Amino acid sequence: MSVRDEWKDEAGDALSELLEGAQRASDVGMSEADGAQMWERLQAAPRRRRAPIGWIAGVAAALVVATALASMRRPVPVEIVKEMSFESVHQGKAVRFEMTVYRERRRRRTMPTSRLFDGILLAVVLAALAAPARAAAPDPLARPEFDQDLTLTMRGETVVRVYDALASFAHVPFILAFDESDPSLKVTFKAENMGVRAILGSLAKTYDLEYTKADTAILVTRKGRAPTEKRTIVGPWQAPVPQYRFDYVLRVGDRVLSTPWVTTGLKQEVRMTQGGQAVLGAPEMRMEVDLTPRKETAEGLELGVQWSLHEGTTKTASPRVKLFSSRHLRGSRCL
Amino acid sequence: MPRSDVDHKLATDAASGDEGAFAAIFEAHRHEVYRIARAVTGERETALDAVQETFLKIHEGLARFRAASSLRTWIVRIAVRAAIDQRRRARRHLTVDAATEPSHDPRVKMEDALALARVQDLAAQLPGQQGLILRLRLLAGLTNGEIAKALALQEPNVRMQVSKAVRRLREVL
């Protein structure tokens, strides 16, 4: 019995079998590919620590490697569209960033890799050239929330999901108003002690996006294009209009059936649907209440209310009769 | 030449900038460092980060290495500490994993990979340092003495913790 197996007496058969399997899996050391990659990383890292010029050379080398990698045909199940990575030491903290944008090979390509990559590179170059001319415009990313350093790892995510994570971290909502030219594009990245602003900058360059301040949020659009009608809002969204909460009590006689509630704001019509059975075994009933905000007052939001009652597919009562034409319900402001 | 002299010469050469010597150290110890990191962190990516951190620390510390202990013992100690740090960091920082680990290592049988995952889960439920000690003992293959040195514990204490951990796992199973 080896020193590693001295526990066997205490383990019993079932646990021994489990532990032996785990040991066999653990006995596999670092793969050759990982070993080669690790050696490259090690060779680069100490040089960068020694001199700032090394850091610049490293970034340049990484870009050259990224260019070469992106233009290569790779015998892997995914197609790498763009890779970038760098690391440095800033104020005693290691800052690392690696990002890979790829698409799964089984998806149909919308644009040849090299052309897409050329397009991205061209966009980056044009953005760099155009930067001085636009320097006077306020930087929408110049916010203290983006000064924070972030350590984040994401694998195989869409760009929307990445913005969602960044928005949650920075507590800044993003309005994503751009068409995903290739929804099959996925991003994998690992940031360590990286500034949120720098990550946003990298994403914008990679996906050819630009940022505009939109009240408390950041509007993200395709560079040089108008915002799309379809928008996705991510992050801690504050409603642009005040929201009101209405609480109801549905009764049959003295019996309370339910106490639903709904929130709405001016210009936001809302339908509340309540299902149930008046008597056990009776057909399912459904009540629909349409709320139409009229105006905001000091006391709250005034609503017009229409309701209808349905039994199965048959409307059985008050087909869209306005019950409260001269009266209004009032709700209390909740946001 | 005795092993300790070879190690000392490699360390001295690497410290003076001989990349070939450092490459030899890397090649000789990378598998064990990875096994330790993988056992402690339980996750490949985090383990690779820990391996990188380990060898960066080795590179930085080579000039201070004295042949009081063997090069391997010194490296194991650094590897264990780097892996613990990396595991702590990975837990503390926001991590969004879209998928679980990619596919399992093709060099490992599926049932063994599942056994490893199960053992990692069970070890995570053990109190105090028992889980860590169990991982280092059974998965990384370190001796009680090596674990004791790396964690600054007494060797009998480590032996007792391993025994307790195994008994507890048996109860859970």
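As shown above, the structure is provided for reference.
In this report, the structure presented in the accompanying data block is examined. (Residues numbered from 1 in each chain as written. Chains lettered and ligands numbered in written order. Predicted model: local features only at pLDDT ≥ 70, side-chain atom pairs only at ≥ 80, totals over all residues. Heavy atoms only, no water.)

## Observations concerning the overall build of chain A
Phase 1 of the analysis: Secondary structure assignment for chain A yields 6 helices and 17 strands.
Phase 2 of the analysis: Long-range pairs, those at least 24 residues apart, make up 59% of the contacts in chain A between residues at least 6 apart in sequence.
Phase 3 of the analysis: Carbon together with sulfur atoms contributes 55% to the accessible area of chain A, which is approximately 18,700 Å² in total. (Helix = DSSP H or I, 4+ residues; strand = E, 2+ residues; numbered from the N terminus. Contact = heavy atoms within 4.5 Å. Areas by Shrake-Rupley, 256 points an atom, 1.4 Å probe, with all protein chains shown as cover.)

## Digging into helix α7 (residues 144-151) of chain B
Residues that lie three or four places apart on an α-helix share one face, since the helix turns once every 3.6 residues.
Residues and elements named next belong to chain B.
Phase 1 of the analysis: With 7 of 8 residues buried, α7 is to be regarded as a mostly interior element.
Phase 2 of the analysis: Of all the positions in α7, only Asn144, Gly145, Glu146, Ile147, Ala148, Ala150 and Leu151 are classed as buried.
Phase 3 of the analysis: Ala152 occupies a position one or two residues after α7 and carries a positive phi of about 55°. (Buried < 20%, exposed > 50% of the residue type's maximum accessible area, 1.4 Å probe, protein only.)

## Some words on the pattern of salt bridges
Phase 1 of the analysis: The final tally for this structure, using the stated rule, is 16 salt bridges over all chains.
Phase 2 of the analysis: Lys9 of chain B serves as the salt-bridge partner of Asp13 of chain B, at 2.9 Å between the closest nitrogen and oxygen. With Asp13 of chain B and Lys9 of chain B both in helix α1 (residues 3-15) and 4 residues apart, the pair spans about one turn of that helix.
Phase 3 of the analysis: Asp13 of chain B gets classed as partly exposed once you look at its relative accessible area, which sits at 22%.
Phase 4 of the analysis: Because the salt bridges share partners, they merge into one network encompassing Asp34 and Lys190 of chain A together with Arg44, Glu45 and Asp49 of chain B. (Salt bridge = Lys/Arg side-chain N within 4 Å of Asp/Glu carboxyl O.)

## A word on unusual backbone geometry
Most peptide bonds take the trans form, and the phi angle of most residues other than glycine is negative.
Residues and elements named next belong to chain A.
Phase 1 of the analysis: The phi angle at His171 is positive, at roughly 60°, despite the residue not being glycine.
Phase 2 of the analysis: Take His171: it is sitting in the loop between α5 (159-170) and β4 (174-176).
Phase 3 of the analysis: Phi is positive for Asp208, which is not a glycine, with a value near 60°.
Phase 4 of the analysis: Here Asp208 shows up in the loop between α6 (196-207) and β6 (209-214).

## Let's talk about the interface of chain A and chain B
Phase 1 of the analysis: Each partner contributes to the interface: chain A provides 49 residues, whereas chain B provides 51 residues.
Phase 2 of the analysis: Contact with chain B buries area across many residues of chain A, yet Glu10, Met30 and Arg155 of chain A alone supply 16% of it, more than any other trio.
Phase 3 of the analysis: Taken together, chain A and chain B are joined by 5 salt bridges.
Phase 4 of the analysis: Linking Asp34 of chain A and Arg44 of chain B is a salt bridge whose minimum nitrogen-to-oxygen distance equals 2.7 Å.
Phase 5 of the analysis: For the interface between chain A and chain B, the tally reads 9 residue pairs in polar contact (both at pLDDT 80 or more).
Phase 6 of the analysis: Listed by contribution, the elements that provide at least two residues to the side of chain A that touches chain B are α1 (8-27), α2 (32-50), β3 (149-157), α5 and β5 (185-195) of chain A.
Phase 7 of the analysis: The leading source of residues in the side of chain A that touches chain B is α1 of chain A, at 14 residues.
Phase 8 of the analysis: Grouping the amino acids of the side of chain A that touches chain B by side-chain chemistry returns 20 nonpolar, 11 polar and 18 charged. (Buried area = accessible area lost by both parts, 1.4 Å probe. Polar contact = N/O pair within 3.5 Å; in protein donor to acceptor, adjacent residues only side chain to side chain. Nonpolar A, V, L, I, M, F, W, Y, C, P; charged D, E, K, R; others polar.)

## Section: the environment of Ile233 of chain A
Residue and element names in this part refer to chain A.
Phase 1 of the analysis: Among the secondary structure elements, Ile233 is positioned in strand β8 (residues 232-234).
Phase 2 of the analysis: Here Ile233 falls in the partly exposed class, since its relative accessible area comes to 41%.
Phase 3 of the analysis: The spatial distance from the C-alpha of Ile233 to the C-alpha of Pro173 is 6.9 Å, given a sequence separation of 60 residues.
Phase 4 of the analysis: Residue contacts for Ile233: discarding those within four places in its chain leaves Phe174 and Ile175.

## Things to note about the packing of α7 of chain B against helix α8 (residues 155-172) of chain B
For any two helices packed against each other, the geometry comes down to the angle between their axes and how far apart the axes lie.
All names here are of chain B.
Phase 1 of the analysis: Contact geometry of α7 with α8 gives a least axis separation of 8 Å together with a crossing angle of 110°. Taken together, the axis directions place α7 and α8 in an arrangement best described as roughly perpendicular. Of the two elements, α7 crosses α8, and the hand of that crossing is right-handed. In contact with Asn144, Gly145, Ile147 and Ala148 of α7, α8 contributes Glu155, Val158, Arg159 and Val162. (Axes fitted to C-alpha atoms, helices over the stretch in contact; angles between N-to-C directions. Parallel < 35°, antiparallel > 145°, perpendicular 65-115°, else oblique. Left-handed = near helix turned anticlockwise from the far one by under 90°.)

## Digging into the sheet that holds β8 of chain A
All names here are of chain A.
Phase 1 of the analysis: Pairing in this open sheet of 4 strands is mixed, and the strands run β6-β7-β4-β8 from one edge to the other. Looking at the sheet topology across the chains shown, the edges are occupied by β6 and β8. The average angle at which neighbouring strand axes cross in this sheet is 25°, direction not considered.
Phase 2 of the analysis: Pairing of β4 with β8, which is carried by 3 bridges, proceeds in the antiparallel orientation. (Pairing = 2+ DSSP bridges.)

## Quick word on the side chain of Asp34 of chain A
Phase 1 of the analysis: Structurally, Asp34 of chain A is set in helix α2.
Phase 2 of the analysis: Relative accessible area serves as the criterion here: at 7%, Asp34 of chain A is assigned to the buried category.
Phase 3 of the analysis: Not counting residues within four places of it along the chain, the set of residues in contact with Asp34 of chain A comprises Arg44 and Leu48 of chain B.

## Some thoughts on the pairing of β6 of chain A
Residues and elements named next belong to chain A.
Phase 1 of the analysis: Both β6 and strand β7 (residues 217-222) contribute to a ladder of 6 bridges, which runs antiparallel. Directly across from Thr212, in β7, lies its bridge partner Leu219.
Phase 2 of the analysis: Joining the antiparallel neighbours β6 and β7 is a turn of 2 residues, in which Asp215 adopts a positive phi near 60°.

## Thoughts on the environment of Arg38 of chain B
Residue and element names in this part refer to chain B.
Phase 1 of the analysis: On the secondary structure map, Arg38 appears in helix α2 (residues 19-41).
Phase 2 of the analysis: Judged by its relative accessible area of 23%, Arg38 falls in the partly exposed class.
Phase 3 of the analysis: Arg38 sits 102 residues away from Ala140 along the chain, and the two C-alpha atoms are 8.0 Å apart.

## Points about the nonpolar core
It is characteristic of soluble globular proteins that their nonpolar side chains tend to be buried jointly.
Residue and element names in this part refer to chain B.
Phase 1 of the analysis: One finds Ile36, Val80 and Leu136 to be the most contacted residues of the largest nonpolar core, which totals 65 residues.
Phase 2 of the analysis: Examining the composition of this core, we find that 10 residues originate from one element, α2, more than from any other.
Phase 3 of the analysis: Viewed by domain, this core spans two of them, domain 1 (1-95) and domain 2 (97-173), each represented by three or more residues.
Phase 4 of the analysis: Look past the residues within four positions of Val80 in its chain and what remains in contact with it is Ile36, Leu136, Leu142, Ala150 and Leu151. (Core = buried A, V, L, I, M, F, W, Y, C linked by side-chain atoms within 4.5 Å. Domains from an automatic or database assignment.)

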